[in-house]
Amino acid sequence: MAIELHPLEQFTIEPLIPIHIGRLDLTYTNSALMMTIAAVLITALTVLATRRAALVPGRWQSIAEMIYEFVADMIDTNIGQGGRQFFPFIFTLFMFILFANLLGMIPFSFTFTSHIIVTFALAALVFILVTAIGIARHGFHFLSLFVPHGVPKVLLLLLVPIELLSYFIRPFTLSIRLFANMLAGHTMLAIFGGFAASVGLFAFFPTAIDILLVGLELLVAVLQAYVFAILTCLYLNEAIHLH
Amino acid sequence: MSEGGPPDPLARLGERIDKARAERVRRQPAAVNDRSALQQGLGLGFRIGIELVVAVGLATGLGWAIDHWLGTRPWGMIVLFFLGVAAGMLNVYRAVARISTPVGYRRPGEDGVGTRGAKDAWDDDEN
């Protein structure tokens, strides 16, 4: 493999299998390849690990059960009643982002969560789902979400736009947070790596920093998946219980 | 093996696990709380950093776009900039204050006497 001297080179999308249907460009890229790998690995982990389910779990079953319980716990504490029916959705979301971030930590692989269009698609999905559930459950009453209680009528003129804005900003904060963290982290790793490659004898220092950064990036990778999932929980909670 | 028979070993195992778990939580509740607090704190820290920036940036951009369409330069941008700042601060405040049901001002599980009393007092003040 060639050494990537440009720190942003790692984010380039490379077409692998060109697919054009009509005017649609459905080319299978390295990004899509990593998504496929992530999906396959997740399925393998959850299906294979629990295929021969034992009362006393083995290693793999233990991992699968721990993740399961972690997500179930998160849903119980953040949504509470009526939250379990969203378990499949949140579990899938969490695992997909977690695997995306962790797979991206493997050298020369590709981090698809470092592309805003991917994270925005995920965040938009969450946003649309939450809004749809809120409207389906509460109808017009859902709009009471934007009207704070116990506020003089005149102030509502000011507060309702603020509430609306802070609601519609969500998919953007959700997606930009994940994307920016991944992009910045990986760029930083590559920059220090480039340093190490170019300073010769003094390469020890940037290499040491890079090693520390890898640890930090692993933390960020897991934490960002957690944050994304927990915010989805919070938004769902609000749509279900309204206040 | 002393009490009960073989018919329900699973139930007994479940009981024993529950007991052990309760024991563990009782023995070191501080450590458990510490860990979950750290986890939550980290999550929160990573959450709120970007909240304000995105709110301000996005609202200002939206204002600029509205100006562009309607030719109301510079009012849309000015108004939306301030609204964006307010919305961003609101989001940060709610995240920090752990009002996890962000939109709206009532805290979850605090619909009880305390809040309502305070709110009524506030309303009375206004009138």
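Since the model is a prediction, treat every value here as computed from it, not as a measurement. (Residues numbered from 1 in each chain as written. Chains lettered and ligands numbered in written order. Predicted model: local features only at pLDDT ≥ 70, side-chain atom pairs only at ≥ 80, totals over all residues. Heavy atoms only, no water.)

Draft legend 1. Representation of the overall build of chain B. Scanning chain B from terminus to terminus reveals four helices and zero strands. Starting at the N terminus, the α and β elements of chain B follow one another as α-α-α-α. Counting across all 127 residues of chain B, residues that qualify as buried make up 23%. In the structure as shown, chain B presents an accessible area of about 8,900 Å², 64% of it carried by carbon and sulfur atoms. (Helix = DSSP H or I, 4+ residues; strand = E, 2+ residues; numbered from the N terminus. Buried < 20%, exposed > 50% of the residue type's maximum accessible area, 1.4 Å probe, protein only. Areas by Shrake-Rupley, 256 points an atom, 1.4 Å probe, with all protein chains shown as cover.)

Draft legend 2. Region of interest: the nonpolar core. Among the nonpolar cores identified, the biggest contains 54 residues, and A:I90, A:F94, A:M95, A:F112 and A:F228 are the most heavily contacted of them. At the level of elements, α1 (30–49), α2 (59–78), α3 (87–104), α4 (116–138), α6 (170–198) and α7 (204–241) of chain A are the ones that each hand at least two residues to this core. Residue contributions to this core peak at 14 residues, all from α7(A). Contacts of A:F94, omitting those with residues within four sequence positions, involve A:I67, A:F70, A:V71, A:A225, A:Y226 and A:A229. Counting residues in each nonpolar core, the second largest holds nine residues, with A:I169, B:L80, B:A87 and B:L90 among its members. (Core = buried A, V, L, I, M, F, W, Y, C linked by side-chain atoms within 4.5 Å. Contact = heavy atoms within 4.5 Å.)

Draft legend 3. Layout of unusual backbone geometry. A cis amide bond, omega 0°, links B:R73 with the succeeding residue B:P74. The topology assignment puts B:P74 in the loop between α2 (29–70) and α3 (75–96).

Draft legend 4. Structural context of the packing of aromatic side chains. All names here are of chain A. The full count for this structure, using the stated rule, is 16 aromatic pairs over all chains. Seen from their ring centres, Y68 and F87 are 4.6 Å apart, and the 50° between their planes marks the pair as tilted. Highlighted residues: Y68 in helix α2 and F87 in helix α3, separated in sequence by 19 residues. Y68 sits in the partly exposed class, given a relative accessible area of 42%. The buried category is assigned to F87, whose relative accessible area is 10%. With centroids separated by 6.3 Å and ring planes inclined at 75°, the aromatic side chains of F142 and Y167 adopt a geometry described as edge-to-face. Here Y167 lies in helix α5 (residues 153–168) and F142 lies in the loop between α4 and α5, a separation of 25 residues in the sequence. (Phe/Tyr/Trp six-rings, centres within 6.5 Å; stacked < 30°, edge-to-face > 60°.)

Draft legend 5. Quick peek at the environment of B:F82. The topology assignment puts B:F82 in helix α3. Judged by relative accessible area, B:F82 falls into the exposed class, the value being 55%.

Draft legend 6. Seen up close, the interface of chain B and chain A. Taken together, the contact pairs 34 residues of chain B with 36 residues of chain A. A combined buried area of about 3,000 Å² lies between chain B and chain A, and 71% of that area is made up of carbon and sulfur atoms. Seen at the junction of chain B and chain A, the total is two salt bridges. Joining chain B to chain A, the criterion identifies two residue pairs in polar contact (both at pLDDT 80 or more). Put simply, the parts of the chain that give the side of chain B that touches chain A at least two residues each are α1 (9–27), α2, α3 and α4 (113–126) of chain B. The element contributing the most residues to the side of chain B that touches chain A is α2(B), with 12 residues. (Buried area = accessible area lost by both parts, 1.4 Å probe. Salt bridge = Lys/Arg side-chain N within 4 Å of Asp/Glu carboxyl O. Polar contact = N/O pair within 3.5 Å; in protein donor to acceptor, adjacent residues only side chain to side chain.)

Draft legend 7. Focus on α5(A). All names here are of chain A. In this model, α5 (16 residues) spans 23 Å end to end at C-alpha, consistent with the 22 Å of a helix rising 1.5 Å per residue. Considering bend angle alone, the principal kink of α5 is centred on L159 and spans about 30°; proline P161 follows within four residues of it. Every buried residue of α5 is listed here: L156, L159, I162, E163, L165, S166 and Y167. (Expected span 1.5 Å × (residues − 1). Bend = angle between axes of the 7 residues up to and from the residue.)

Draft legend 8. Representation of the pattern of salt bridges. Applying the stated rule across the entire model yields four salt bridges over all chains. For A:D76, the salt bridge is made with A:R84, and the minimal N-O distance between the two is 2.8 Å. Take A:D76: its relative accessible area is 36%, and that puts it in the partly exposed class. A salt bridge links A:R177 to B:E51, with the shortest nitrogen-to-oxygen separation between them at 3.3 Å. In this pair, A:R177 is assigned in helix α6 and B:E51 in helix α2, connecting two distinct chains.

Draft legend 9. Local environment of the packing of α3(A) against α7(A). All names here are of chain A. Their axes nearest at 8 Å, the elements α3 and α7 cross at an angle of 160°. Compared by their axis directions, α3 and α7 come out roughly antiparallel. Handedness of the crossing formed by α3 with α7: right-handed. Contact residues: F89, I90, L93, F94, I97, L98, N101 and L102 in α3; L218, A221, V222, Q224, A225, Y226, F228, A229, T232, C233 and L236 in α7. (Axes fitted to C-alpha atoms, helices over the stretch in contact; angles between N-to-C directions. Parallel < 35°, antiparallel > 145°, perpendicular 65-115°, else oblique. Left-handed = near helix turned anticlockwise from the far one by under 90°.)

Draft legend 10. Inspection of a nonpolar patch on the surface at higher detail. Residues and elements named next belong to chain A. On the surface, a cluster of nonpolar side chains totalling about 740 Å² of accessible area is made up of L16, I17, I19, I21, L24, L26, L33, I37 and L41. Those elements that provide at least two residues to the nonpolar patch are β1 (15–17) and α1. Ranked by the residues each element gives to the nonpolar patch, the list is headed by α1, at three residues. Tracing the chain through its elements places I17 in strand β1. By relative accessible area, I17 is classed as partly exposed at 47%. (Patch = residues over 30% accessible without salt bridge, like charges linked within 9 Å, V, L, I, M, F, W, Y side chains within 5 Å.)

Draft legend 11. Structural context of α1(A). Taking 1.5 Å of rise per residue, the 20 residues of α1(A) would be expected to cover 28 Å, and the 28 Å separating its terminal C-alpha atoms lies within 8% of that figure. Of the residues making up α1(A), those classed as buried are A:N30, A:S31, A:A32, A:M34, A:A38, A:I42, A:L45 and A:A49.

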